[in-house]
Amino acid sequence: MENEIEMRKLVIKTFHIEKVEFGNKTFIQNKILYLREDLKMDLVQESADIIKNINVTIVNPKQHDFFVNSIMDFSPIATKVLGKTGDGITHTLTGVYVMLTGVDEMGIQVAEFGSSEGILAHQVVLGHAGTPDVKDIIIHIDVVLKDAMGAIRIGPTAAHKACDKLVQEIREHLKKMNGKACDEKFEYFDKVKFGKKKVVVIKQVAGQGAMYDTQLLGKEPGGFEGGRSIIDLGNVPIILSPNEYRDGALRAMH
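Residues numbered from 1 in each chain as written. Predicted model: local features only at pLDDT ≥ 70, side-chain atom pairs only at ≥ 80, totals over all residues. Heavy atoms only, no water.

Caption draft 1: Summary view of helix α3 (residues 154–175). Taking 1.5 Å per residue as the helical rise, α3 with its 22 residues ought to reach 32 Å, and the 30 Å between its terminal C-alpha atoms agrees with that figure. The largest bend along α3 measures about 25° and falls at Glu169. (Helix = DSSP H or I, 4+ residues; strand = E, 2+ residues; numbered from the N terminus. Expected span 1.5 Å × (residues − 1). Bend = angle between axes of the 7 residues up to and from the residue.)

Structure, rendered in structure tokens:
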């Protein structure tokens, strides 16, 4: 139309996962996600001065009646296939979510302004914005930090970094999946509409202390690598387009 300009187009293609299993390598086949079982040992070795251990478990639907350490994040699994955050093509998995939890070796929960450890079914309201659906499978990544590392910034940062590297193995396979085989396809447009009202959505994000942080614009949707800390940016206002926000420009670090 003559009275509007299309700034960006984002295409999100979804691939549904029905089962998650451990295997010798990470790949996706016939709606089954296989996770490399020895990956967690590689991640511990990379941060041996900060991380003592990492446990990875698969939580199936209706299996939420068990204890978890403080929940640091829930995140989807998505990857850029073409373009950068906010435009191009993104592949994402449905039916599966990642949950990151943390504690130090002395039993101190990795949290700030209140921890969320407890029975998972009692700590999380499923099926809401930012949480898995009741039918989703959860990949539970539980990081055990060394003594006192949960109280300084490098500890939670190392936990998020390790989690992101595990997810990146899944992303690398997801990038190569044939887009024509997707289960759903969504198209979103950022447009300038002349003569229309200008709408700005203001979102207050975390940005203080050891782990009360937010990463912005990582290399992957909702990713850690390449992102910038809102604390390191001085907690200044950041302007994002609707499609950047929709495409995972923010990663919660608390």
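Caption draft 2: Expanded view of the sheet that holds strand β16 (residues 250–252). Reading across the sheet, the three strands line up as β15-β14-β16 and stay open at both edges, with antiparallel pairing between neighbours. The open sheet has two free edges, formed respectively by β15 (228–229) and β16, since each of these has just one partner strand. With two bridges connecting them, strand β14 (residues 214–216) and β15 associate as antiparallel partners. From the neighbouring strand, Leu216 faces β15, where its bridge partner is Arg228. (Pairing = 2+ DSSP bridges.)

Caption draft 3: Region of interest: the sheet that holds strand β2 (residues 19–23). Taken together, the three strands give an open sheet; going across it, the order is β2-β4-β3, and neighbouring strands pair in mixed fashion. In this open sheet, the two strands that pair with only one neighbour each are β2 and β3 (27–29). Sheet twist, expressed as the average angle between the axes of neighbouring strands with direction ignored, equals 25°. Pairing of β3 with strand β4 (residues 32–36) involves three bridges; the strand directions are antiparallel. Considered in β4, the bridge of Gln29 is made with Ile32. (Axes fitted to C-alpha atoms, helices over the stretch in contact; angles between N-to-C directions.)

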